[in-house]
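Residues per chain, in single letters:
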Amino acid sequence: MFASLLSRLLILFIAITIFSCTSKEKEEVAPAPVKSLVGRWDVLEASVTYYAPDGQYLRTQPLFGAGKRYYIFSSDGTIEPYTKDKSLQTGYYTNTNNSLSLSFDYGTFQYTIPPTISDTELTLIEDTRNLTSVPASRRNRVTLVSLKKYMSPE
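Criteria and cut-off values
Residues numbered from 1 in each chain as written. Predicted model: local features only at pLDDT ≥ 70, side-chain atom pairs only at ≥ 80, totals over all residues. Heavy atoms only, no water. 1 Å grid on protein atoms, 1.4 Å probe; cavity = no way out; pocket = protein on both sides within 12 Å on 5 of 7 lines; lining within 4 Å. Points joined across faces, edges and corners; volume = space filled by probe spheres on them. Helix = DSSP H or I, 4+ residues; strand = E, 2+ residues; numbered from the N terminus. Nonpolar A, V, L, I, M, F, W, Y, C, P; charged D, E, K, R; others polar. Phe/Tyr/Trp six-rings, centres within 6.5 Å; stacked < 30°, edge-to-face > 60°. Buried < 20%, exposed > 50% of the residue type's maximum accessible area, 1.4 Å probe, protein only. Lys NZ or Arg CZ within 6 Å of the ring centre and 35° of its normal.

A. Summary view of the layout of surface pockets. Each pocket or cavity is described by its volume, and for the largest pocket that value is around 480 Å³. In terms of lining residues, the largest pocket is bounded by 26 residues, among which Leu63, Arg69, Tyr71, Tyr106 and Tyr111 are the most central. Looking at the lining of the largest pocket, the elements that each hand over two or more residues are strand 1 (39–51), strand 3 (69–73), strand 4 (78–83), strand 7 (99–104), strand 8 (107–112), strand 9 (121–127) and strand 10 (141–149). Residue composition of the lining of the largest pocket, by class: 20 nonpolar, three polar and three charged.

Below is the structure:
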């Protein structure tokens with residue numbers, strides 16, 4: 001009888017152990033992409049890192065006047081860049097799968113949007129290292145732009 005009771009308790013203990021196992025690690029919530037680009041986005045900072053054709057780092061420098069720039073993304077797919085409230089050439093944008101393409105008469109720029117957890121801050125990265133599909137003046141560099149969505153004071 002003691003052996004029977006012991007075996008039942010052992011089976012019960014094993015069953016509880018197997019079915020009650022839970023992960024002790026907290027599941028991390030995956031960052032969500034920005035829901036909508038529509039609106040005004042102010043440039044917080046922007047920089048370009050230059051590389052030699054062999055991949056060697058050369059230098060990083062801020063983009064001139066970046067803090068005075070902003071972009072207005074419209075729901076019809078147009079983008080209007082501004083510098084000090086002066087409108088520059090209007091272009092077009094497409095945003096799919098965290099890839100942002102900006103097209104202007106003077107060129108097309110392809111940015112990656114890393115996943116983010118904020119709908120009000122945005123980072124854009126254009127990596128043109130060794131791409132023969134871009135003009136030589138834009139090759140071998142990485143452009144990083146940090147934007148913040150403009151919230152009108154109310």
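On we go.
B. Just the packing of aromatic side chains, in detail. Applying the stated criterion across every chain, the model contains six aromatic pairs. The interplanar angle of 75 degrees and the centroid separation of 6.1 Å between the aromatic rings of Tyr51 and Tyr57 together place this pair among those described as edge-to-face. The exposure class of Tyr57 is partly exposed, given its relative accessible area of 46%. Members of the aromatic cluster, connected to one another through ring pairs, are Phe104, Tyr106 and Phe109. The ring of Tyr150 carries Arg40 above its face, with NZ or CZ at 4.2 Å from the centroid. In this arrangement the basic side chain of Arg129 is found over the ring face of Tyr51, its NZ or CZ atom lying 4.9 Å from the centre.

C. A look at unusual backbone geometry. The phi torsion at Asn130 lies on the positive side, around 60 degrees, for a residue other than glycine. Residue position: Asn130 is located in the loop between strand 9 and strand 10. Of note in this structure, Asn140 is not a glycine but carries a positive phi near 60 degrees. Tracing the backbone through its elements, the reader meets Asn140 in the loop between strand 9 and strand 10.

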